[in-house]
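# Secondary and tertiary structure notes
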Amino acid sequence: MNIQLDDGLQFGLGVFETIRIRSGQPEFLDWHIERMNQSLQALHIPQEVSAEEAAAWLKQQKELKHSDENRHDEMKAMKILVTEKNKLMMLRSNPYTPERIRQGFCLDYSAVIRNETSPLVYHKTLNYGDNILEKRRTSSLPVDERIFLNTRGELTEGSTTNIFFVFDGRLVTPTVSCGLLNGIMRRFVLENFPCKETVLYPEDVLQADECFVTNSLMGIMPVKMLAGTEFPSAEITNEILYKYQMKSYCER
């Protein structure tokens with residue numbers, strides 16, 4: 001693997017995508033590639049990735065040759081990393097087992113403030129240090145994910161997730177302008193269910209009936225608690241989770 005030194009490796013000016021593999025097939029591949037190319041263009045990185053080359057690379061991977069028999073693909077993900085002079089594709093593990101999703105998440109707020117004025121927060125870039133450090137801190141805490149507030153005290157996103165709430169049967173999520181990545185699973189939820197994008201504050205969460213978080217590897221993760229606030233229901237969360245699981249099953 002020939003890796004060249006460039007602004008991506010030196011300063012984090014690059015983008016990446018992590019794509020869930022099911023039965024040897026990448027989920028939402030077109031959406032991932034579309035978002036990656038939009039970010040490359042926005043960051044003035046003269047590279048482009050096609051769904052065809054990603055699918056061709058994946059097809060060649062020996063680790064997935066017998067996935068239909070051993071179902072190891074349920075625990076696999078494909079990572080694509082692109083900088084000015086580099087384009088890398090690799091396989092990695094997926095830690096979000098069905099059992100882990102059944103357990104649900106406990107959340108807390110991060111002391112790190114999300115800078116909604118930075119263009120980088122709206123893209124999945126290699127400037128991912130805040131997210132990784134916050135995710136690592138959860139290993140010594142009784143929480144699974146930490147939620148960032150922005151400079152105005154508004155909810156944005158988790159260290160690796162987007163967040164949704166249900167208020168009196170109404171599904172809501174923080175609006176992108178609060179300073180967050182428009183995730184692939186966030187897009188799935190918005191395109192398949194009535195959902196209001198709005199500004200939310202920690203005090204609003206006290207009135208929520210349900211909460212869940214999303215990302216490409218976990219799909220839909222129910223949330224049991226956020227900063228001491230418990231969520232008594234999961235009716236709409238389970239409906240969304242079921243529709244996502246059925247979509248994935250039908251496309252195998």
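Details of the structure are given in the entry above.
Let us look at the structure shown here. Computed from a predicted structure; not experimentally measured.

### Details of the pairing of strand E3 (residues 76-82)
- Across the seven residues that make up E3, a large majority, six, are buried.
- As paired elements, strand E1 (residues 15-22) and E3 share six bridges and run antiparallel to each other. When the bridges of E3 are listed, Phe-16 appears paired with Leu-81.
- Examined bridge by bridge, E3 and strand E4 (residues 87-93) share seven bridges and lie antiparallel to one another. Directly across from Val-82, in E4, lies its bridge partner Lys-87.
- Where E3 folds back onto E4 in an antiparallel hairpin, the turn is made up of four residues.

### Here's the deal with the packing of aromatic side chains
- Overall, the coordinates contain eight aromatic pairs when judged by the stated rule.
- Here the aromatic rings of Phe-164 and Phe-212 are separated by 4.9 Å at their centres, their planes lie at 10°, and the arrangement is stacked. Linking Phe-164 in strand E8 (residues 162-167) with Phe-212 in strand E11 (residues 210-215), this pair joins segments that are 48 residues apart in sequence.
- A relative accessible area of 0% means that Phe-212 is categorised as buried.
- Through a chain of ring-to-ring contacts, the aromatic side chains of Phe-28, Trp-31, Phe-188 and Tyr-244 assemble into a single cluster.
- The cationic tip of Arg-114 hangs over the ring face of Phe-148; the distance from NZ or CZ to the ring centre is 4.1 Å.

### A look at the side chain of Asn-37
- Note that Asn-37 resides in helix H2 (residues 29-42).
- In this view, Asn-37 contacts Glu-48 and Val-49; residues no more than four positions away in its chain are not counted.

### Brief notes about the layout of surface pockets
- Considered as a void within the structure, the largest pocket measures approximately 790 Å³ in volume.
- Forming the walls of the largest pocket are 37 residues, and the residues nearest its centre are Phe-16, Lys-124, Tyr-128, Ser-159 and Thr-160.
- Secondary structure elements with two or more residues in the lining of the largest pocket: E1, helix H6 (129-137), strand E7 (155-158), helix H7 (184-192) and E11.
- It is H6 that contributes the most residues to the lining of the largest pocket, five residues altogether.
- Grouping the amino acids of the lining of the largest pocket by side-chain chemistry returns twelve nonpolar, 17 polar and eight charged.

The rules behind the values
Residues numbered from 1 in each chain as written. Predicted model: local features only at pLDDT ≥ 70, side-chain atom pairs only at ≥ 80, totals over all residues. Heavy atoms only, no water. Buried < 20%, exposed > 50% of the residue type's maximum accessible area, 1.4 Å probe, protein only. Helix = DSSP H or I, 4+ residues; strand = E, 2+ residues; numbered from the N terminus. Pairing = 2+ DSSP bridges. Phe/Tyr/Trp six-rings, centres within 6.5 Å; stacked < 30°, edge-to-face > 60°. Lys NZ or Arg CZ within 6 Å of the ring centre and 35° of its normal. Contact = heavy atoms within 4.5 Å. 1 Å grid on protein atoms, 1.4 Å probe; cavity = no way out; pocket = protein on both sides within 12 Å on 5 of 7 lines; lining within 4 Å. Points joined across faces, edges and corners; volume = space filled by probe spheres on them. Nonpolar A, V, L, I, M, F, W, Y, C, P; charged D, E, K, R; others polar.

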